[in-house]
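Letter by letter, the chains look like this.
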Amino acid sequence: MPGSAQAGALNLSRIELAVEVGDDFDRILDHLHHYQVATPERRIREIIEALNVLEHNPLIGRPVNNDKRELVIGRRSHGYVALYRYVVEIDTVFVLAVRAQREAGYLRDDTK
């Protein structure tokens, strides 16, 4: 409705992280600690900040199987991929898994 407080408001999609994404972050942190990367916690923050793009554009990721998408985050040694599903009916993005770009596939069967 023009002139109302809602007129200029942005509709943002909701983002939900699967519980298993915490395991993915732990695996990434373990890898970074093993290789003595400075400020590994900052890498996790960068991944989470990159996921925020899905609030504005949930279909930005490249399509993969079974109505899922992949968001490419960063590059080279800072490169990660987030597997997600966007449910239009409830305007919600469900992040299912996160892995390094150099990893082959996802560790869990439920991400297929």
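Structure: above.
Residues numbered from 1 in each chain as written. Predicted model: local features only at pLDDT ≥ 70, side-chain atom pairs only at ≥ 80, totals over all residues. Heavy atoms only, no water.

Asks: Describe the side chain of Arg43, and please don't skip the residues or the numbers.
Replies: If you trace the backbone, Arg43 turns up in helix H2 (residues 40-51). Buried Arg43, no salt bridge; nearest opposite-charge side chain is Glu46, N-O distance 4.9 Å. One polar contact links Arg43 to Tyr80, side chain to side chain, over a distance of 3.3 Å. (Helix = DSSP H or I, 4+ residues; strand = E, 2+ residues; numbered from the N terminus. Buried < 20%, exposed > 50% of the residue type's maximum accessible area, 1.4 Å probe, protein only. Lys, Arg positive; Asp, Glu negative; His and termini not counted. Salt bridge = Lys/Arg side-chain N within 4 Å of Asp/Glu carboxyl O. Polar contact = N/O pair within 3.5 Å; in protein donor to acceptor, adjacent residues only side chain to side chain.)

Asks: Kindly report on the environment of Ala82, identifying the contributing residues and their values.
Replies: Structurally, the position occupied by Ala82 is in strand S4 (residues 80-87). With relative accessibility at 0%, the residue Ala82 sits in the buried group.

Asks: I'd like to hear about the pairing of strand S5 (residues 92-100), residue by residue, with values.
Replies: Summarising burial for S5: seven of the nine residues are buried, a large majority. As judged from the four bridges shared by strand S1 (residues 14-17) and S5, these two strands associate in the parallel manner. Of the residues in S5, the one forming a bridge with Arg14 is Thr92. Here S4 pairs with S5 via eight bridges, running antiparallel. Within S5, the residue paired with Ala82 across the bridge is Val98. Linkage of S4 to S5, two consecutive antiparallel strands, is achieved through a turn of four residues, within which Asp91 is found at a positive phi near 50°. (Pairing = 2+ DSSP bridges.)

Asks: Summarise the environment of Leu59; cite the residues concerned and give the values.
Replies: Locating Leu59 in the fold gives a position in the loop between helix H3 (53-56) and strand S2 (62-63). Taking the relative accessible area as the measure of exposure, Leu59 reaches 48% and is therefore partly exposed. Spatially, the C-alpha atoms of Leu59 and Tyr86 are 7.4 Å apart, while their sequence positions differ by 27 residues. Setting aside residues no more than four positions away along its own chain, Leu59 makes contact with Arg69, Tyr84 and Tyr86. (Contact = heavy atoms within 4.5 Å.)

Asks: Residue-level account of the pattern of salt bridges, with values.
Replies: For side chains of opposite charge, pairing can occur when their charged atoms come near one another. Under the definition given, this model contains four salt bridges. The closest approach of N and O atoms between Asp24 and Arg27, which form a salt bridge, is 3.0 Å. Of this pair, Asp24 and Arg27 both sit in helix H1 (residues 19-34), three residues apart, which is roughly one turn of that helix. Overall, the relative accessible area of 2% leaves Asp24 in the buried class. Arg27 sits in the partly exposed class, given a relative accessible area of 24%. One network of salt bridges, with partners in common, ties together Arg62, Glu70 and Arg99.

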